[in-house]
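Descriptive structure summary
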Amino acid sequence: MTLTVHDVMTDPMFARADPTIEAGEAGMDRTVRWAYTNERYDIASFVSGGELVIIEGSALLGHMGDDEIIRYVDTLVDASVAGLAIELVEGVRTVPKAMIARADERGLPVIGMHRRMPFVDLCQSINTSIVKDQLLVQVRTDTLATTMRTRLATARSAQDVAKILNEIFGESVAIFDSDGLVIAHCGPSIRPADADYPAERTLVLDVRKNGGPLASIEITQRNRLADGRIADRVDEVIKQVLPAFVQTQPRNAMLAHVLRGPTNGYRAGEQEINDAATMLQAIGLSDVKHLIPFAIGMDSVSSSIDAVSRCLSGDEEEDASDEDTIADVLEGNMLFGLYAAADGGDDKGPGSGAEFGSGLDTGTNPGSASDANPGPAQGGGTGKAGNRGDAVMRLKRRLADVAALPGTWCIYGRAVPSVGMLLDECSLLQFAAHDATGLPGTGTVTNLLAAAPQRLLGIGHTRDAAGALQSLMLGDALPNQKSLIRTLEACFDAGGNISKACELLGIHRQTLYNRLAKITELTGISKEDSMAWPLLLCAAKLKVAELQATEFQAAEPADGGQQPAHSA
């Protein structure tokens, strides 16, 4: 159990201050980590989140205008303060209207204290309750872990594990292997969501072995909610027991390894690319023309996994190809996968990109730099780039069916031409699924590139972030074709104006269209893609700047003399 702002109202010492809820009632369930008193306006510098801030008020609010009061409330919310308690005895006897309005808007609880009590006594009483609660939780957690270890030592199967967990927690338990198949279940069925009721709240544990997915365990939360510490201890004990009863699937382990992306989280190295290519070959996906990464989140695995599988199979899709397949792996409450799309076109035709051969390239073939015979002027048609778009659309239709299910959401990527770009896509997919804020949401189908700016901002060094963007958007083939890179730079500088871009490059419009078609062929991105195209242009601009810096350094006179002018 954790102490909330609402719980503080019933604290024996705090209750003597005659507290009332003045604003922000919607946030009364916020957890209070500590009680703290500070009258400074710049309080954000002195808190770390979860504090109940107690103030006398007159020294602060008595000298602030409405705009300053609003900024003060915003500062508290942005610092993740749990709530604000104000003494309303002398000086400030009512909470300012501006504070009430802003606190209600942002859900910050504001408590009025109508009887004077020493703040040191209030803080001591509240903080003592918090510490006692933490100790009780720790004791219960340790006792629970000991009980689990003792009982699970007698388990002889996955079903035994489910039965013992059911008896310990009094909750329904379901265990799934990494294929998403139920291998053990004990207790009443977990109620799925429907039009009248949401799905039951559950705890889903991702059990792994040697870094790869092994099983997912779902436990209902009907009787009590497991906080983070309890969930971590349960997870710790289960990982020591369950691997003895669940067979590791080598194919799923390799698939999960590829879907995890590069080790550094944003850019694949040469050895990682080679390893991934070997794994894709072992899985049977090395000769597939188009591989598209995706992820599906489920509030409840038990309630959703069967329906999700039916939607992904695409049996009811009119234009579904018999050759389209899906390789996926269950990790906790998330299904990660690769959509392996049939080519459906003639690789030897215009715009086919036949120089890449069959299957995903490892990223070492630079391709052709010629402007001749690049396919349709606008980058469409039935060649390889067009087929990529068709493949993505088929996947999106299936994911739309998945997202229509209660308590599910989906993220999808691009059909990229090389293993290196696939790994970079998978890295961004992992970030979008686990770490990005603001996406995804239940019932949505989200392009993983929506998380790219946030991911790049999280990379510590600017040069690494720029390199990650270039690798993700340009791959290895496009940077070797300077005419195409400079064409993208001109589009960036022209702000999307085709005539201006042609003028900057000194070429005809048809030549520009030919180059854009070639770029679409190499990257799977057309200028009509409102999300990917700006990122592609930005990556190209950075690449040109990098090339110019390299050329400048190479041409710089040894004696430090004047550098000759460089023509773009």
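In what follows, the structure referred to is the one given above.
Residues numbered from 1 in each chain as written. Predicted model: local features only at pLDDT ≥ 70, side-chain atom pairs only at ≥ 80, totals over all residues. Heavy atoms only, no water.

Here's the deal with the overall build of the chain
Scanning the chain from N- to C-terminus turns up 18 helices and 14 strands. For the chain, the residues scored as buried account for 51% of the 568 residues in total. Put simply, of all contacts in the chain between residues at least 6 apart along the chain, 73% involve residues at least 24 apart. Accessible surface computed for the chain: about 25800 Å², of which carbon and sulfur atoms make up 50%. (Helix = DSSP H or I, 4+ residues; strand = E, 2+ residues; numbered from the N terminus. Buried < 20%, exposed > 50% of the residue type's maximum accessible area, 1.4 Å probe, protein only. Contact = heavy atoms within 4.5 Å. Areas by Shrake-Rupley, 256 points an atom, 1.4 Å probe, with all protein chains shown as cover.)

What to know about the pattern of salt bridges
Scanning the model with the defined rule gives 23 salt bridges in all. A salt bridge links K541 to E489; the nearest nitrogen and oxygen atoms lie 3.4 Å apart. Note that K541 is positioned in helix α18 (residues 532-555) and E489 in helix α15 (residues 482-493), a separation of 52 residues in sequence. Of the residues examined, K541 reaches a relative accessible area of 27% and is grouped as partly exposed. Judged by its relative accessible area of 11%, E489 is buried. Between D493 and K541 there is a salt bridge, with the nearest N and O atoms lying 2.9 Å from each other. Of this pair, D493 sits in helix α15 while K541 is found in helix α18, placing the two residues 48 residues apart along the sequence. Each of D74, D78, R102, E105 and R106 takes part in one network of salt bridges that share partners. (Salt bridge = Lys/Arg side-chain N within 4 Å of Asp/Glu carboxyl O.)

As for the side chain of E87
Here E87 lies in strand β4 (residues 83-87). Classification of E87 as buried rests on a relative accessible area of 4%. Separated by 3.2 Å, the side chains of E87 and R116 make a polar contact. (Polar contact = N/O pair within 3.5 Å; in protein donor to acceptor, adjacent residues only side chain to side chain.)

Notes on the sheet that holds strand β9 (residues 212-220)
Read from one edge to the other, the open sheet built from four strands follows the order β7-β6-β9-β8, with strand pairing classed as antiparallel. Both edges of this open sheet fall to β7 (182-186) and β8 (202-209), since each of them pairs with a single strand only. Geometrically, the sheet is characterised by an average inter-axis angle of 15 degrees between neighbouring strands, direction not taken into account. Sitting on the sheet, helix α6 (residues 158-169) touches β6 (173-177), β7 and β9, and the angle it makes with β7 is about 30 degrees. (Pairing = 2+ DSSP bridges. Axes fitted to C-alpha atoms, helices over the stretch in contact; angles between N-to-C directions.)

A short note on the sheet that holds strand β12 (residues 334-341)
What the five strands build is an open sheet, ordered β11-β12-β10-β13-β14; its pairing is mixed. The open sheet is flanked by β11 (325-331) and β14 (445-447), the only strands paired with a single partner. Taking each pair of neighbouring strands and ignoring which way they run, the sheet shows an average axis angle of 20 degrees. Of the pairings in the sheet, the one linking β11 to β12 comprises seven bridges and is antiparallel in character. Its bridge partner being in β12, T325 is matched across the sheet by A340. With respect to the sheet, helix α8 (residues 250-260) is in contact with β11 and β12, its orientation differing from that of β11 by roughly 90 degrees.

Some points on the packing of aromatic side chains
Counted under the stated rule, the structure contains one aromatic pair. Relative to Y72, the ring of Y41 has its centre 6.0 Å away and its plane inclined at 25 degrees; by these criteria the two rings are stacked. With Y41 in the loop between β2 (34-37) and β3 (51-55) and Y72 in helix α3 (residues 66-78), this residue pair connects regions lying 31 residues apart in the sequence. For Y41, a relative accessible area of 32% gives the class partly exposed. (Phe/Tyr/Trp six-rings, centres within 6.5 Å; stacked < 30°, edge-to-face > 60°.)

What about a nonpolar patch on the surface?
Where nonpolar side chains cluster on the molecular surface, the patch consists of W34, V131 and L135 and spans about 270 Å² of accessible area. The residue V131 is located in helix α5 (residues 119-152) in this model. (Patch = residues over 30% accessible without salt bridge, like charges linked within 9 Å, V, L, I, M, F, W, Y side chains within 5 Å.)

Details of the state of the cysteines
Scanning the entire structure with this criterion turns up zero disulfides. Distance from the sulfur of C311, which forms no disulfide, to the nearest cysteine sulfur (C410) is 8.8 Å. (Disulfide = S-S within 2.5 Å.)

Some points on the pairing of β8
Two strands pair when backbone bridges link them, and β8 and β9 are joined in this way by eight bridges, in the antiparallel orientation. Of the residues in β9, the one forming a bridge with R208 is P213. The antiparallel pairing of β8 with β9 creates a hairpin that spans two residues between the two strands, and N210 there sits at a positive phi of about 55 degrees.

Side note on the packing of α15 against helix α17 (residues 509-523)
It is at 10 Å that the axes of α15 and α17 come closest, and there the two elements cross at 110 degrees. If you check the angle between α15 and α17, you find them roughly perpendicular. On α17, the residues that touch S483, L484, T487, L488 and C491 of α15 are L512, R515, L516, K518, I519 and L522. Each residue belonging to the contact of α15 with α17 can be placed in one class, and the counts come to seven nonpolar, two polar and two charged. (Parallel < 35°, antiparallel > 145°, perpendicular 65-115°, else oblique. Nonpolar A, V, L, I, M, F, W, Y, C, P; charged D, E, K, R; others polar.)

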